[in-house]
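Architecture and fold: a report
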Amino acid sequence: MARKKNPTLTEAELRLMKVVWEKDRATVSEVLASLPSSNELAYNTVLTTLRILEKKGYLRHEKDGRAHVFRPIVSRNQACQNAVRHMVKGFFNNSPEALMLSILEHEELDQPELDRLKQMIDNRE
């Protein structure tokens, strides 16, 4: 049975997207050079992952001589919103409230963060 296509980013895809978002346009070689040396990915691995990102609709490429230049067509903010929607739907039964309660119950938020959340809630009412 074929795997269902996931519209959210994997960890490896996110690592490459961060480079492309930062540069706004990048070749495979530029992405590879921008990754920490601890990753040591092969050129073909980076190219394959960038092509997957293009199929998912996160990137577009254009030819510049022999090189492919990749540009983001989904902003970092849009990708973040997609990931949160996917998580709310999959893990929290489509309930943003359940996500927020989980964060409040399981994460340590300092007072300025709590104050900001309260302010945001007050502004929405």
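For the structure, see preceding data.
To start, this report covers the structure provided alongside it. Predicted, not measured: the structure shown is a model, and the values here were computed from it. (Residues numbered from 1 in each chain as written. Predicted model: local features only at pLDDT ≥ 70, side-chain atom pairs only at ≥ 80, totals over all residues. Heavy atoms only, no water.)

**Some thoughts on the pairing of strand E2 (residues 59-64)**
- Pairing of E2 with strand E3 (residues 67-72) involves six bridges; the strand directions are antiparallel. Directly across from lysine 63, in E3, lies its bridge partner histidine 68.
- Hairpin connection between E2 and E3: a loop of two residues separates the two successive antiparallel strands, and glycine 65 in this loop has a positive phi of roughly 70°. (Pairing = 2+ DSSP bridges. Helix = DSSP H or I, 4+ residues; strand = E, 2+ residues; numbered from the N terminus.)

**Regarding the sheet that holds E3**
- Strands sit in the order E1-E3-E2 across an open sheet of three strands; the sheet is antiparallel. Each of the sheet's edge strands pairs with one partner strand only, and the pair in question is strand E1 (26-27) and E2.
- Contacts from helix H1 (residues 11-23) reach E1, E2 and E3, with the element oriented near 85° to E3. (Contact = heavy atoms within 4.5 Å. Axes fitted to C-alpha atoms, helices over the stretch in contact; angles between N-to-C directions.)

**Structural notes on a nonpolar patch on the surface**
- Among the surface-exposed residues, Val84, Met87 and Phe91 lie close enough to one another that they form a single nonpolar patch of about 290 Å² accessible area.
- Within the element layout of this structure, valine 84 appears in helix H4 (residues 76-91). (Patch = residues over 30% accessible without salt bridge, like charges linked within 9 Å, V, L, I, M, F, W, Y side chains within 5 Å. Areas by Shrake-Rupley, 256 points an atom, 1.4 Å probe, with all protein chains shown as cover. Salt bridge = Lys/Arg side-chain N within 4 Å of Asp/Glu carboxyl O.)

**Some words on the environment of glutamate 62**
- Topologically, glutamate 62 is positioned in strand E2.
- With a relative accessible area of 37%, glutamate 62 lands in the partly exposed category.
- Other than its neighbours up to four places away in sequence, glutamate 62 contacts Arg25, Ala67, His68, Val69 and Arg71. (Buried < 20%, exposed > 50% of the residue type's maximum accessible area, 1.4 Å probe, protein only.)

**Details of the pattern of salt bridges**
- In the structure shown here, the tally under the stated rule is two salt bridges.
- The residue lysine 56 makes a salt bridge to glutamate 13 at a minimum N-O spacing of 2.7 Å. Remark: glutamate 13 occurs in helix H1 and lysine 56 occurs in the loop between helix H3 (43-55) and E2; sequence separation between them is 43 residues.
- Look at glutamate 13 and you get buried, because its relative accessible area is 6%.
- Among the ionic pairs, glutamate 62 bridges to arginine 71, the shortest N-O distance being 3.8 Å.

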